[in-house]
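Observations on chain architecture
Each chain, written out:
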Amino acid sequence: MSSSKQGFWSRFRVTPGMFRYIMNCWPPFLGMRIHIEHIAPDWRHVRMRMKLGIINKNYVGTHFGGGLFTMTDPYYMIMMMHQLGSGYLVWDKTAKIDFVSPGRGTVYADFRLSQEQVDEVLQMTAGGGKFEPVYAVDVVDAGGKVVAHVEKTLYIRKKMEKAAEKPKSVA
């Protein structure tokens, strides 16, 4: 198996609406009360919501840190995959979360990719090398107060062409 292959779901062309429906029915999201509110038709904007409830509340009655992290996990990777197409390998490489203030009530995260960010990836990978951009998103409460700051580092490169198979020699 080549390292340029990505997961099962990346082989299918899903619309933003289909992806939103699938993810909103995914058991870990249901359990954590995480919901995708919006995915732009061009995959450049995703808006997430997480309501506070008994299942995702921590010991002191605020949002469980794992839930805050979960609601921010795959979106920059998925958004970039849709911007670059099947000729690129895109992975989440690292993530960092800073808990800024207690999350009470409903929290939100807005992921955005600009054309400039996509152009930078295309430029930095044009020669076949890897590029590891860092994208940030804030998780905010209903009043706009930052609850957590998350930085996601992606690993991006062009997929390698498969080398022509060499005939096996018979000894």
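For the structure given in this document, a descriptive report is provided here. Just so you know, these numbers come straight off a predicted model, no measurement behind them.

Even without being glycine, arginine 33 reaches a positive phi, approximately 65°. Tracing the backbone through its elements, the reader meets arginine 33 in the loop between helix H2 (27–32) and strand E1 (34–39). Judged by its relative accessible area of 37%, arginine 33 is partly exposed.

What follows concerns the environment of alanine 40. In this fold, alanine 40 is placed in the loop between E1 and strand E2 (45–50). For alanine 40, the contacting residues outside a window of four places in its chain are Pro16 and His45.

In contact at an axis separation of 11 Å, helix H4 (residues 75–84) and helix H5 (residues 115–125) are set at 70° when each is read in the N-to-C sense. Classified by the angle between their axes, H4 and H5 sit roughly perpendicular to one another. Crossing of H4 against H5: the hand is right-handed. Of the residues in H5, those touching H4 at Met80, Gln83 and Leu84 are Gln117, Val118, Val121 and Leu122.

Counting across every chain of the model gives 5 aromatic pairs. Taking 5.4 Å as the distance between ring centres and 50° as the angle between the ring planes, the aromatic pair formed by tyrosine 75 and phenylalanine 111 counts as tilted. Placement of tyrosine 75 in helix H4 and of phenylalanine 111 in strand E4 (residues 107–112) is noted, with a sequence separation of 36 residues between them. Their ring planes at 35° and their centres at 5.3 Å tell us that tyrosine 76 and tyrosine 135 sit as a pair that is tilted. On the criterion of sequence distance, the pair formed by tyrosine 76 in helix H4 and tyrosine 135 in strand E5 (residues 134–141) is long-range, its members being 59 residues apart. Across the pair, exposure class does not vary: tyrosine 76 and tyrosine 135 are buried alike. Ring-pair connections join several aromatic residues into one group, and the members of that group are Tyr75, Tyr76, Phe111 and Tyr135.

Analysis parameters
- Residues numbered from 1 in each chain as written.
- Predicted model: local features only at pLDDT ≥ 70, side-chain atom pairs only at ≥ 80, totals over all residues.
- Heavy atoms only, no water.
- Helix = DSSP H or I, 4+ residues; strand = E, 2+ residues; numbered from the N terminus.
- Buried < 20%, exposed > 50% of the residue type's maximum accessible area, 1.4 Å probe, protein only.
- Contact = heavy atoms within 4.5 Å.
- Axes fitted to C-alpha atoms, helices over the stretch in contact; angles between N-to-C directions.
- Parallel < 35°, antiparallel > 145°, perpendicular 65-115°, else oblique.
- Left-handed = near helix turned anticlockwise from the far one by under 90°.
- Phe/Tyr/Trp six-rings, centres within 6.5 Å; stacked < 30°, edge-to-face > 60°.

Keep in mind that these numbers describe shape and distance, not what the molecule does.
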